[in-house]
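Inside the fold
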Amino acid sequence: MVGRHYHPSLHERFNVIHGEVTFTLNDEKHVAQLGQTVDIPQGTLHSFWNSGSTDALVRMDVQPAGRFAMLIKNGFSLAQDGKTDKTGKPGMLQIALMAREFDDVVRYDMGPRLVQQILFLVLTPIAKLRGLKGSYSEYLARPASDSVPLDTLDRTGL
């Protein structure tokens, strides 16, 4: 499950290619299955998760994608390197740095925004002393994983 968040400057669109995915959009639940599309306008508080009994595969379109792709590459690479918990979530110190680095891309629903900003500001020097960064150049240069072959998307015509 991806925690509740919103994008101040991005528009997301998800198309379910396989399985079932549940979305919350401003506290309303929507279940999407094969072939269904879920549109998430900028500023919409949302979360999503695989709610089916099988693996889910979605095609995600994000506009504009540049900074969002950087955020995702950092997050996936941290998980690949074992620097997250079993759900793929980094520790609070890493979250604080990434939330500050990518504030233009994503904002989390973790209490009042002002409190978050103060907390992340306080945690930043501690995180940096531990060698953490908001973004890792080596992760941005890492090639994409082959775990979901690109031809999977091509066969569906999406």
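**Considerations on the nonpolar core**
Core analysis: the biggest nonpolar cluster contains 11 residues, these being Leu10, Val62, Phe68, Leu71, Leu78, Met98, Phe102, Val105, Val106, Tyr136 and Tyr139. The dominant element in this core, judged by the number of residues it contributes, is helix 1 (residues 66–80), at 3 residues. Once residues lying within four places of it in the same chain are set aside, the contact partners of Val105 are Tyr6, His7, Pro8, Leu10, Arg67, Phe68 and Leu71. With 9 residues, the next largest nonpolar core counts Phe14, Leu25, Val38 and Ile40 among its residues.

**Regarding the packing of helix 1 against helix 2 (residues 92–101)**
Two numbers describe how helix 1 lies on helix 2: the axes approach to 11 Å, and their chain directions differ by 165 degrees. Accordingly, the angle class assigned to the pair helix 1 and helix 2 is roughly antiparallel. Where helix 1 crosses over helix 2, the two elements pack in a sense that is right-handed. Here Arg67, Leu71, Asn74, Gly75 and Leu78 of helix 1 come into contact with helix 2, specifically with Gln94, Met98 and Glu101. Looking at the contact of helix 1 with helix 2, its residues break down into 3 nonpolar, 3 polar and 2 charged.

**Remarks on the packing of aromatic side chains**
The way to describe two aromatic rings as a pair is by their centre distance and the angle between their planes. In this structure the tally under the stated criterion is 4 aromatic pairs. An aromatic cluster of three or more residues is present, and its members are Phe14, Phe23 and Phe48.

**Quick word on the pattern of salt bridges**
Going through the model one piece at a time under the given rule, you end up with 8 salt bridges. One salt bridge connects Arg4 with Asp109, and the closest N-O pair in it is separated by 2.6 Å. Placement of Arg4 in strand 1 (residues 2–6) and of Asp109 in the loop between strand 8 (107–108) and helix 3 (113–129) is noted, with a sequence separation of 105 residues between them. Relative accessible area serves as the criterion here: at 27%, Arg4 is assigned to the partly exposed category. With a closest N to O distance of 3.0 Å, Arg13 and Asp39 form a salt bridge. Here Asp39 lies in strand 5 (residues 37–40) and Arg13 lies in strand 2 (residues 11–18), a separation of 26 residues in the sequence.

Calculation notes
Residues numbered from 1 in each chain as written. Predicted model: local features only at pLDDT ≥ 70, side-chain atom pairs only at ≥ 80, totals over all residues. Heavy atoms only, no water. Core = buried A, V, L, I, M, F, W, Y, C linked by side-chain atoms within 4.5 Å. Buried < 20%, exposed > 50% of the residue type's maximum accessible area, 1.4 Å probe, protein only. Helix = DSSP H or I, 4+ residues; strand = E, 2+ residues; numbered from the N terminus. Contact = heavy atoms within 4.5 Å. Axes fitted to C-alpha atoms, helices over the stretch in contact; angles between N-to-C directions. Parallel < 35°, antiparallel > 145°, perpendicular 65-115°, else oblique. Left-handed = near helix turned anticlockwise from the far one by under 90°. Nonpolar A, V, L, I, M, F, W, Y, C, P; charged D, E, K, R; others polar. Phe/Tyr/Trp six-rings, centres within 6.5 Å; stacked < 30°, edge-to-face > 60°. Salt bridge = Lys/Arg side-chain N within 4 Å of Asp/Glu carboxyl O.

By themselves, these are just geometric observations and shouldn't be taken as functional.
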